[in-house]
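Overview (structure and organization)
So the chains spell out like this:
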Amino acid sequence: MKRFTSLRADFTASLVVFLVAVPLCVGVAVASGVPAELGLVTGVVGGLLTGLLPGSSLQVSGPAAGLTVLVFEAVKEYGIGALGALVLAAGALQLAMGALKLGRWFRAISVAVVQGMLAGIGLVLIAGQLYALADAKAPGSGLANIGGLPGLVTSTVGSGTALAALAIGAGTIAVLVLWPRWRRAARVLPAPLAAVALATTAVWALDMPVARVQVSGLLDAIQPPGLADLGRLTEIGVLGTVLAFALIASAESLFSAAAVDRLHNGPRTDYDKELMAQGAGNAVCGILGALPMTAVIVRSAANVQAGAKTKASRVLHGVWLLVFAAAFPAALGVVPVAALAGVLVHAGCKLIPLRDLRPLWREHRGEAVVLLVTALAIVTVNMFEGVLIGLLLAIAKTAWETSHVHLDIYTPDDEDEPVLVSTVGNATFLRLPKILDQLEGLPADRDVELDLSGLRHLDHACGAALTNWAEAHRRSRRTAELVS
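As a starting point, this report considers the structure included with it. (Residues numbered from 1 in each chain as written. Predicted model: local features only at pLDDT ≥ 70, side-chain atom pairs only at ≥ 80, totals over all residues. Heavy atoms only, no water.)

**Here we look at the overall build of the protein**
Definition in use: Elements are defined by DSSP. Helices are runs of H or I of four residues or more, strands are runs of E of two residues or more, and each kind is numbered from the N terminus. Only protein chains enter the calculation, and the probe is 1.4 Å; a residue is then buried if its accessible area is under 20% of its type maximum, exposed if over 50%, and partly exposed in between. In what follows, residue pairs with any heavy atoms lying within 4.5 Å of each other are defined as contacts. Per-residue and other accessible areas follow the Shrake-Rupley method at a 1.4 Å probe size, with only the shown protein chains counted as cover for residues. The convention is simple: Lys and Arg are positive, Asp and Glu are negative, and His and the chain ends are not counted. Every charge is mapped to an atom, namely NZ of Lys, CZ of Arg, CG of Asp or CD of Glu.
Each helix and strand counted, the protein has 22 helices and six strands in total. When the backbone C-alpha atoms are referred to their principal axes, the protein occupies close to 105 × 65 × 50 Å. Here the protein holds 484 residues, and the buried ones make up 48% of them. Look at the contacts in the protein between residues 6 or more apart in sequence, and 80% of them connect residues 24 or more apart. With an accessible surface of roughly 22900 Å², the protein has 65% of that area assigned to carbon and sulfur atoms. Charge centroids of the protein, computed over 35 positive and 34 negative side chains, lie 17 Å from each other.

Spelled out as C-alpha cells, the structure:
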C-alpha cells in the first residue's frame, strides 16, 4: 500500500515536472542558438539516464539557463558540430572528478562567487533575450547587447511587428509573475506552461505576424560529433570551454543538490555519485550532439513541491518528454519565440540575488564585493574568465581576513633592558608592510627581543623579512655603539 501511494505521488509529480520542463527545454535551446529539439533531447537524457543513477533522489536534470550564454558563445565560436565534442569531454571530466571523490570539494567554492556567477549569467541572458522579445537579432557579446539596447528601443517603437512580438513577450512575463498568486490554478498548471500556452493561443487567435520556433524532426536535430570535431579538443581555447562547461555545470548541480536537500526529509545527496551521474548524462548528451545538462533548481523544486517520493518521478518526466518530442514535434512550431524569450527573461531575473544583496552588504561587505565583481566581470569579459576573477578575488579576500597579526610591544624604562615584542596571529606577506612599519618605529639604539612563539602561521616571505630586519637592526645597534 505504501509503495502504491509513493508511485501515485511520483506519477503526479512527474506530470508537473514535465509541464515545467517543456517550455524551459525549448527556450534554453533557442536562446543557445541550437535547434529546439536538442533541448528536449537533453531533458530526456536527464530523466531516463541521470534520473536512474544514484546521487540525489529528487533533483531533476536538464538544459539550464545558467549555461545558455556559454553554449551560445561556444556554438558561435566553434560551430554546432563541435558542441557534441565539448559536452562529451565535459561529461568525461565530470566522471573523472566523481571517481576521484572531488564532488564534496565543490561545496568549498565561495557562495559569493556562485551567486555572482549566476547574477552575471542572468544579466547577460536578460540582455540577449530582450532582443528576442522584439523578434530582433542580438549583436552577440554581453557588452554589445547592453550597448545596443537604445537602438533596440528605437527600432522597436518604429515597427508594428516588433511591437506585437514585444506585447507577447511582456504578456508572458506578466503571466509568469501573476500566475503563482492564483494558487488553485497554479496547482493544476505550472506558470511557465500557462504563460507559453496563453501566448501561443493569443498569437494564433489574432494571427499576429511574429516569429515562431523553427522545428525539424527529432532524429534530424541530433548531430553526433565527427572525428574532426573530436580532434579540436586539443586546441587551447576548446579545452578552456570544456573546463568551463564541466566546472560550472558541476557547481550548479551540486549547489542545487544542497538546496533540494533542504526542501525534503528523504535521503541526502551523495555528492560524488551525483557528480558521476551528471557526467554520465553529459557524456551521452555529447554523443547525441545535444545541450549540456545540469541539475535545475526550478524543476527540482517543482518535483519536491508536487509531492515526489522517489527517483521514479524524474524518470517518468523523461518518458513524457520523449513521448512528446516523438509524437507531437509540430506542436513546437506554433510557439512564438517572444514567449520563450519572456520565460528566459523571467528566469534570468530570478538568477540575480537582489533580495540577498542588501543584507549581504550590511553584514559581509567583502562577500558582496566578490559577488558584484564576479557578475560584472562575466558581463564585460566572458563567463570563464569572469568566474576565475571571482575565485581569485574570493581567495585574496579570505587570505587577507585570515592573516591578522598583532604586535604587543613593551618598552622598559631601563634603557639597558631590551624592548620586548610579542607576535600573535598569522604572519603572511599580506600583513608584512604593517609588521615592518611597527618594527622600524622601534628605537634604533636599543636591543629588541622578538618573540614569535605566539604565531599560528609564519610564511616564508614574512620569515625572511623578519630575519633581514633583525640583521639590519643588529648592524644599526653596533653602529650606534661605535659612534657613541
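**Things to note about the packing of helix α5 (residues 111-133) against helix α17 (residues 337-351)**
Each pair of packed helices can be described by the angle between their axes along with the distance between the axes. For clarity, the threshold we go by: Under this scheme, a helix contributes an axis fitted over its contacting stretch, all axes are lines through C-alpha atoms, and angles between N-to-C directions fall in the 0 to 180 degree range. Angles below 35 degrees are treated as roughly parallel, those above 145 as roughly antiparallel, those between 65 and 115 as roughly perpendicular, and all remaining angles as oblique. Here a crossing is taken to be left-handed if its near helix is turned anticlockwise relative to the far helix by less than a right angle, and right-handed if that turn runs clockwise. Put simply, Ala, Val, Leu, Ile, Met, Phe, Trp, Tyr, Cys and Pro go in the nonpolar bin, Asp, Glu, Lys and Arg in the charged bin, and everything else, Gly too, in the polar bin.
Their axes nearest at 8 Å, the elements α5 and α17 cross at an angle of 160°. When the axes of α5 and α17 are compared, the pair comes out roughly antiparallel. Crossing handedness for the pair α5 and α17: left-handed. Contacts between α5 and α17 involve Leu118, Ala119, Ile121, Gly122, Leu125, Ile126, Gln129, Leu130, Ala132 and Leu133 from the former and Val337, Ala338, Ala341, Gly342, Leu344, Val345, Gly348, Cys349 and Leu351 from the latter. Looking at the contact of α5 with α17, its residues break down into 15 nonpolar, four polar and no charged.

**Some thoughts on the state of the cysteines**
Cysteine pairs can be linked by a disulfide, which is a covalent bond between their two sulfur atoms. To keep it simple, the criterion reads: Pairs of cysteine sulfur atoms within 2.5 Å are what we label disulfides.
Under the defined criterion, the tally for this structure stands at zero disulfides. In this structure cysteine 285 is not part of a disulfide, and its nearest cysteine sulfur, from cysteine 25, lies 10 Å away. By relative accessible area, cysteine 285 is classed as buried at 0%.

**Side note on the nonpolar core**
Stated precisely, the cut-off is as follows: Put simply, buried Ala, Val, Leu, Ile, Met, Phe, Trp, Tyr and Cys residues joined by side-chain atoms within 4.5 Å make one nonpolar core.
Core analysis: the biggest nonpolar cluster contains 80 residues, and Leu40, Leu83, Met117 and Phe245 have the highest contact counts within it. Core analysis: the second largest hydrophobic core is formed by 14 residues, Leu432, Leu439, Leu455 and Ala465 among them.

**Some points on the pairing of strand β4 (residues 419-427)**
The condition is simple: Note on pairing: DSSP must find at least two bridges between two strands before they are called paired. Call a crossover right-handed when, viewed with both strands pointing away from you, the route from the first strand across the helix to the second goes clockwise.
Direction of pairing for strand β3 (residues 405-410) relative to β4: antiparallel, over a ladder of six bridges. Within the sheet, the bridge partner assigned to isoleucine 409 lies in β4 and is valine 421. Here β4 pairs with strand β5 (residues 448-451) via four bridges, running parallel. Bridge assignment links valine 421 to a residue of β5, and that residue is leucine 450. For the crossover that starts at β4, traverses helix α21 (residues 432-440) and ends in the parallel β5, the hand is right-handed. Examined bridge by bridge, β4 and strand β6 (residues 455-458) share three bridges and lie parallel to one another. Note that in β6 the partner of asparagine 426 across the bridge is histidine 457.

**Some details on helix α2 (residues 36-50)**
The test is simple: Working rule for helices: expected span equals 1.5 Å times residues minus one.
The end-to-end C-alpha distance of α2 is 21 Å, a good match for the 21 Å that 15 residues give at a rise of 1.5 Å each. Where burial is concerned, most of α2 is hidden: 13 out of the 15 residues are buried.

**Looking at the pattern of salt bridges**
The cut-off we apply is this: A side-chain nitrogen of Lys or Arg and a carboxyl oxygen of Asp or Glu constitute a salt bridge if their distance falls within 4 Å.
In total, this model carries three salt bridges according to the counting rule given. Glutamate 471 serves as the salt-bridge partner of arginine 474, at 2.6 Å between the closest nitrogen and oxygen. Residue arginine 474 and its partner glutamate 471 are both found in helix α22 (residues 460-483); the two are separated by three residues, about one turn of the helix. A relative accessible area of 34% means that glutamate 471 is categorised as partly exposed.

**As for helix α14 (residues 271-288)**
How we decide: What qualifies as a polar contact is a pair of N or O atoms within 3.5 Å, subject to a donor-acceptor requirement within protein and to the restriction that residues adjacent in sequence count only when both atoms come from side chains.
The terminal C-alpha atoms of α14, which comprises 18 residues, lie 26 Å apart, in line with the 26 Å expected from a rise of 1.5 Å per residue. Summarising burial for α14: 13 of the 18 residues are buried, a large majority. Measuring from the backbone nitrogen of aspartate 272 back to the side-chain oxygen at the start of α14 gives 3.2 Å, which picks out aspartate 270 as the cap. A positive phi of about 70° marks glycine 289, the residue just after α14.

**Some words on the packing of α2 against α14**
Packing of α2 against α14 leaves a shortest axis separation of 9 Å and a crossing angle of 140°. Considering their axes alone, α2 and α14 lie oblique with respect to each other. As α2 runs across α14, the sense of the crossing is right-handed. Only Ala277, Gln278, Ala280, Gly281, Val284, Cys285 and Leu288 of α14 make contact with α2, whose side of the interface consists of Val41, Thr42, Val45, Leu49 and Thr50. Class assignment of the residues belonging to the contact of α2 with α14 gives a composition of eight nonpolar, four polar and no charged.

**Describing the packing of aromatic side chains**
The following threshold applies: Pairs were defined over the aromatic rings of Phe, Tyr and Trp, the Trp ring being its six-membered one, requiring ring centres within 6.5 Å. Orientation was assigned from the angle between planes: stacked under 30 degrees, edge-to-face over 60, tilted for the rest.
Overall, the coordinates contain three aromatic pairs when judged by the stated rule. Considering the side-chain rings of phenylalanine 11 and tryptophan 320, the 5.8 Å spacing of their centres and the 85° angle between planes classify their relative orientation as edge-to-face. Of the two residues, phenylalanine 11 sits in helix α1 (residues 2-31) while tryptophan 320 sits in helix α16 (residues 312-327), which places them 309 residues apart along the sequence. Using a relative accessible area of 23% as the deciding quantity, one classes tryptophan 320 as partly exposed. Ring plane angle 65° and centroid distance 6.1 Å describe the contact between phenylalanine 18 and phenylalanine 324, whose orientation is recorded as edge-to-face. A residue pair is termed long-range when its members are at least 10 positions apart, and phenylalanine 18 in helix α1 and phenylalanine 324 in helix α16 qualify at 306 residues. For the pair phenylalanine 18 and phenylalanine 324, a shared accessibility class is recorded, and that class is buried.

**A short note on unusual backbone geometry**
Backbone geometry places lysine 101, a non-glycine residue, at a positive phi of 60°. Among the secondary structure elements, lysine 101 is positioned in the loop between α4 (83-99) and α5.

**Considerations on a negative patch on the surface**
Selection rule: Patch membership requires over 30% relative accessible area and the absence of a salt bridge. Like charges are linked within 9 Å, and nonpolar side chains (Val, Leu, Ile, Met, Phe, Trp, Tyr) within 5 Å.
A cluster of like negative charges, contributed by Asp413, Asp414, Glu415, Asp416, Glu417 and Asp445, occupies part of the molecular surface. Residue position: aspartate 414 is located in the loop between β3 and β4.

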